[in-house]
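Listed below are the residues making up each chain.
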Amino acid sequence: MTTSPPVLSFEGVTKVFHQGDVEVRALRGLDLVVHPGELTAIVGPSGSGKSTALHLAGALDVPTTGTVRVDGVDLATLTARERAALRRDRIGFVFQSYNLVPVMSAHENAASVLALQGVPEAEQRTRVASLLEELGIGDLADRRPDQLSGGQQQRVAIARAVAARPAVVLGDEPTANVDSATAERLLDLIRSLNERHGTTFLLSTHDERVMKRVRRVVTLVDGKVASDETVGG
Amino acid sequence: MTLLRIAWRNVWRNSRRSLVTIAAMAFALWTTILYSGLVQGYLDSMEGDVLDLEVGDLQIHPEAWDDEPGLSTVIEDPAALVAALEEAGLTATVRLLSGGLAASDEASAGVVLRGLDPVADARALKLPERLGEGRWLAADAPKGVVIGRRLARALGVGLGDELVVLSQAADGSVANDLFAVRGILGPVSEGTDRAAIFLLDTTFRELFVLPRGAHEIIVRRPADLPLDEAAARARTAAGPAVVQTWRELLPTIATMLDSSRSVMVFVFLIIYLAIGILVLNAVLMAVFERVRELGVMKALGMGPWAVLALIVTETAIQTVLAIAVGTLLAAPFAWYLTVHGINVGALGGTAVMGLAMAEVWTGSYDLQNLTTAVVLLLVIVAFATLIPAIRAARLRPIDAMRYQ
């Protein structure tokens, strides 16, 4: 176990939603710590709280009770604008349906977080070009999302997520919309980024292939950690 | 990647909708520019007719004129007053006035006789420019008169025909003489058209046995001198004589001109309100179609101000294009309306509020005309854009990303 301070921690986190008169308790005292360099999957049945946990980790929402810290920062102490800045600077996202901006090229999409950070265009070009090469889509840099396959789009999304070197990259079912071969290649890339650059990944998934390729599997049941296993990967 | 570049691409994502929005804004601008110029031209021409042909900016009458208007109620030394007015930076011309009866072989009519010095008068007014036919008064034709067009019709006289003028002179004797119609005016005003006879001041004095004095002094001011300031200067020079501005002399017409300009702005607002609703709808559609995308951008760290700026920039691009198109399309029409105008045909000469409508209705276009139309468009579009832009800026990324 590493001694580095955690990049992400949940301490007694609960999250309650109200759907009309119905109260939905998505998380019921979640405790979880993710350290730098980890490659972790959160698994569990539908309604177990995976997505809610990921949203809280991504500073997209705030807990009802308990504390969520990203890179040591308690989300409850931040305003909406500060949370936006935290997402921009410290968190990368890979979404199930890629969610690339259709009017931007692959290169521009990958560079979008750097642009939001105000990184000079020349530096953006250099960093993103090498990243796209590393992900095997260097020759597709000028293509728009609608000119790319699903797997290529997800690689662009991964490039966008890691380009700004965030503390943690959150993936919401990153292999759900691609075929098996593409999923395997994406998982290769994720592992490669994790091993070569020490990028921390927290992936929410139902996909057995993902569970086999990560090093830690956290199983949620009814909004709590049911098991937390270190696996071979 | 700059905000402007993303906004430009977003504008052309749905090119048909953007083109319709741009076309609607351009059409509204085109309409308002041309409409405002035409109305402005009409009002300017009406105001110009009032000031240049008849009333002038100011008029000075004898102190007792309101109570006892008549041949013997005069400003005693009009020449001295004119000199004082000129000294004050104003231009003035003296008028002699009297009522009477004019008769031709066929008919007779009540008339207003106006005596003037054509040289001095030409410095202040432009009545000779409104001659319909014939020639203006001249010192070498002391018995020549210029009459209103409807009076000519009523008396059945034309150029060169004779008419007899009958009235009472200042000394109580009968004033009558035979005159030749030297000129017939085009449309000026209801009163002038129906009853005016213009004659030389020297002839007037001889006819009415009025060796000195004047009934009216018409005053003009330099274009850059405000009316109130001109009136103040004239009052200083006029002593006990009464100075009135044209707005005081013709309050109904002054109010009508002012309210017509207000109505013009009101029409602008109605046109732009319709365009505002269209823009609002277009921007709302553009936002709703991209709620999920905007949510993703916010999730990636785009702040609310950046989202607001993106939506506003997209509309700004369309508005700038619409302004360019609308202005470029309006320019040749504005030129045509200014140079050639619209011939209103039979409506020409019709009296509106006592003023004769010109036969050719020309536009009046200037920078203010353009900027008013553009600024109003910008204000309406800004309001129409801010509502959806603020909604977009306030989207919670987590909600937006769930939006289907």
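Residues numbered from 1 in each chain as written. Chains lettered and ligands numbered in written order. Predicted model: local features only at pLDDT ≥ 70, side-chain atom pairs only at ≥ 80, totals over all residues. Heavy atoms only, no water.

Visitor: Give a detailed account of the overall build of chain B, specifying residues and quantitative values.
Guide: Counting its secondary structure elements, chain B contains 14 helices and 14 strands. Computed over its C-alpha atoms, the radius of gyration of chain B comes to 31 Å, more than 25% above the 22 Å expected for a compact globule of 404 residues. Across its three principal axes, chain B shows a C-alpha extent of roughly 100 × 45 × 30 Å. Across chain B, the fraction of contacts at a sequence separation of at least 24, relative to all contacts at a separation of at least 6, is 78%. Here chain B has roughly 18,300 Å² of accessible surface; of this, 62% comes from carbon and sulfur atoms. In chain B, 32 side chains carry a positive charge and 41 a negative one; their mean positions are 20 Å apart. (Helix = DSSP H or I, 4+ residues; strand = E, 2+ residues; numbered from the N terminus. Rg over C-alpha atoms; globule rule 2.2 N^0.38 Å. Contact = heavy atoms within 4.5 Å. Areas by Shrake-Rupley, 256 points an atom, 1.4 Å probe, with all protein chains shown as cover. Lys, Arg positive; Asp, Glu negative; His and termini not counted. Charge placed at Lys NZ, Arg CZ, Asp CG, Glu CD.)

Visitor: Got a sec to walk through the overall build of chain A? Specific residues and values, please.
Guide: Of regular secondary structure, chain A possesses seven helices and ten strands. On C-alpha atoms alone, chain A measures out to a radius of gyration of 17 Å, which is about the 17 Å that the 2.2 N^0.38 rule sets for 233 residues. Its C-alpha atoms give chain A principal-axis dimensions of roughly 50 × 40 × 40 Å. The burial tally for chain A puts 55% of its 233 residues in the buried class. Approximately 9,800 Å² of chain A is accessible, and the part contributed by carbon and sulfur atoms is 48%. Positive and negative side-chain charges in chain A, numbering 26 and 29 respectively, have mean positions lying 1 Å apart. (Buried < 20%, exposed > 50% of the residue type's maximum accessible area, 1.4 Å probe, protein only.)

Visitor: Report on the interface of chain A and chain B, specifying residues and quantitative values.
Guide: Counting residues at the interface gives 25 residues for chain A and 22 residues for chain B. Together, the buried faces of chain A and chain B total about 2,100 Å²; carbon and sulfur atoms form 60% of this surface. Taken together, the connections running from chain A to chain B amount to three salt bridges. In this structure, the salt-bridge partner of Arg-9 of chain B is Glu-108 of chain A, at a minimum N-O distance of 2.4 Å. Taken together, the connections running from chain A to chain B amount to eight residue pairs in polar contact (both at pLDDT 80 or more). Mapped onto the side of chain A that touches chain B, the elements with two or more residues apiece are helix H2 (80–90), helix H3 (106–117) and helix H4 (121–134) of chain A. With five residues, the single largest contributor to the side of chain A that touches chain B is H3 of chain A. (Buried area = accessible area lost by both parts, 1.4 Å probe. Salt bridge = Lys/Arg side-chain N within 4 Å of Asp/Glu carboxyl O. Polar contact = N/O pair within 3.5 Å; in protein donor to acceptor, adjacent residues only side chain to side chain.)

Visitor: Outline the packing of aromatic side chains, listing residues and values.
Guide: Both the distance between ring centres and the angle between the ring planes are used here to describe each pair of aromatic rings. Residues and elements named next belong to chain B. Applying the stated criterion to the full structure yields eight aromatic pairs over all chains. On the numbers, 4.5 Å between centres and 35° between planes, the contact of Phe-204 with Phe-208 is tilted. Placement of both Phe-204 and Phe-208 in helix H7 (residues 201–208) is noted, with a separation of four residues, approximately one turn of the helix. Considering the side-chain rings of Phe-268 and Tyr-272, the 6.3 Å spacing of their centres and the 75° angle between planes classify their relative orientation as edge-to-face. Residue Phe-268 and its partner Tyr-272 are located together in helix H10 (residues 251–288), separated by four residues, close to a single helical turn. Tyr-272 gets classed as buried once you look at its relative accessible area, which sits at 0%. Three or more aromatic residues joined by ring pairs make a cluster, and in this case those are Phe-27, Trp-30 and Phe-333. (Phe/Tyr/Trp six-rings, centres within 6.5 Å; stacked < 30°, edge-to-face > 60°.)

Visitor: Requested: an account of the sheet that holds strand E9 (residues 216–221) of chain A, with residues and values cited.
Guide: All names here are of chain A. Spatially, E6-E7-E8-E3-E9-E10 is the arrangement adopted by the six strands of the open sheet, whose pairing is mixed. Bordering the open sheet on either side are strand E6 (91–94) and strand E10 (224–230), each of which pairs with just one other strand. Taken pair by pair, the neighbouring strands of this sheet meet at an average axis angle of 20°, ignoring direction. Relative to E9, strand E3 (residues 39–43) is paired through four bridges, and the arrangement is parallel. When the sheet's bridge partners are listed, Ala-41 is paired in E9 with Val-217. Across the face of the sheet, helix H1 (residues 50–57) comes into contact with E3, E6, strand E7 (168–172), strand E8 (201–204) and E9 while running at roughly 150° to E7. Strand contacts of helix H6 (residues 180–197): E3 and E8, with the helix running at about 155° to E8, the strand carrying the most contacts. (Pairing = 2+ DSSP bridges. Axes fitted to C-alpha atoms, helices over the stretch in contact; angles between N-to-C directions.)

Visitor: An account of the layout of surface pockets is requested, with residue identities and associated values reported.
Guide: Unoccupied space between atoms shows up once a probe the size of one water molecule is rolled over them. By volume, the largest pocket amounts to about 510 Å³. Taken together, 27 residues make up the lining of the largest pocket; nearest its centre are Ser-51, His-55, Gln-96 and Asp-172 of chain A together with Arg-402 of chain B. At the level of secondary structure, the elements contributing two or more residues to the lining of the largest pocket comprise H1, E6 and E7 of chain A together with helix H14 (397–402) of chain B. The leading source of residues in the lining of the largest pocket is H1 of chain A, at five residues. A class-by-class count of the residues in the lining of the largest pocket yields nine nonpolar, 13 polar and five charged. (1 Å grid on protein atoms, 1.4 Å probe; cavity = no way out; pocket = protein on both sides within 12 Å on 5 of 7 lines; lining within 4 Å. Points joined across faces, edges and corners; volume = space filled by probe spheres on them. Nonpolar A, V, L, I, M, F, W, Y, C, P; charged D, E, K, R; others polar.)

Visitor: Any details on empty space enclosed by the protein? Residues and values, ideally.
Guide: In this structure the tally under the stated criterion is one cavity of 30 Å³ or more. Reported here for the largest cavity is a volume of approximately 50 Å³. As for the largest cavity, its lining consists of Arg-88, Ile-91, Gly-92, Phe-93, Val-113, Arg-160, Ala-161, Ala-164 and Pro-166 of chain A together with Leu-300 of chain B. Only E6 and helix H5 (150–163) of chain A provide two or more residues apiece to the lining of the largest cavity. The leading source of residues in the lining of the largest cavity is E6 of chain A, at three residues. Looking at side-chain class alone, the lining of the largest cavity contains seven nonpolar, one polar and two charged residues.

Visitor: Please provide a residue-by-residue account of the sheet that holds strand E4 (residues 65–70) of chain A, values included.
Guide: Working definition: the strands of a sheet are paired by backbone hydrogen bonds and lie parallel or antiparallel to each other. Residues and elements named next belong to chain A. The strand order across the open sheet built from four strands is E2-E1-E4-E5, with neighbouring strands paired in antiparallel fashion. Each of the sheet's edge strands pairs with one partner strand only, and the pair in question is strand E2 (22–34) and strand E5 (73–74). Where strand E1 (residues 8–19) lies against E2, ten bridges are found, and the strand directions are antiparallel. Looking at the pairing, Phe-10 lines up with Leu-32 of E2. Across the sheet, H1 touches E1, E2 and E4, and the angle it forms with E1 is around 120°.

Visitor: Which residues make up the pairing of E3 of chain A, and what values do they have?
Guide: Residues and elements named next belong to chain A. Most of E3 sits out of view: five of its five residues are buried. Residues of E3 alternate between two faces, with Leu-39, Ala-41 and Val-43 on one and Thr-40 and Ile-42 on the opposite face, all of them buried. Examined bridge by bridge, E3 and E8 share four bridges and lie parallel to one another. If you follow Ala-41 over to E8, its bridge partner there is Leu-203.

Visitor: Which residues make up unusual backbone geometry, and what values go with them?
Guide: Residue and element names in this part refer to chain A. Within the chain, Ala-59 stands out as a residue other than glycine whose phi angle is a positive 55°. Relative to the elements of secondary structure, Ala-59 occurs in the loop between H1 and E4. Backbone geometry at Glu-173 places phi at a positive 50°, although glycine is not the residue there. Structurally, Glu-173 can be placed in the loop between E7 and H6.

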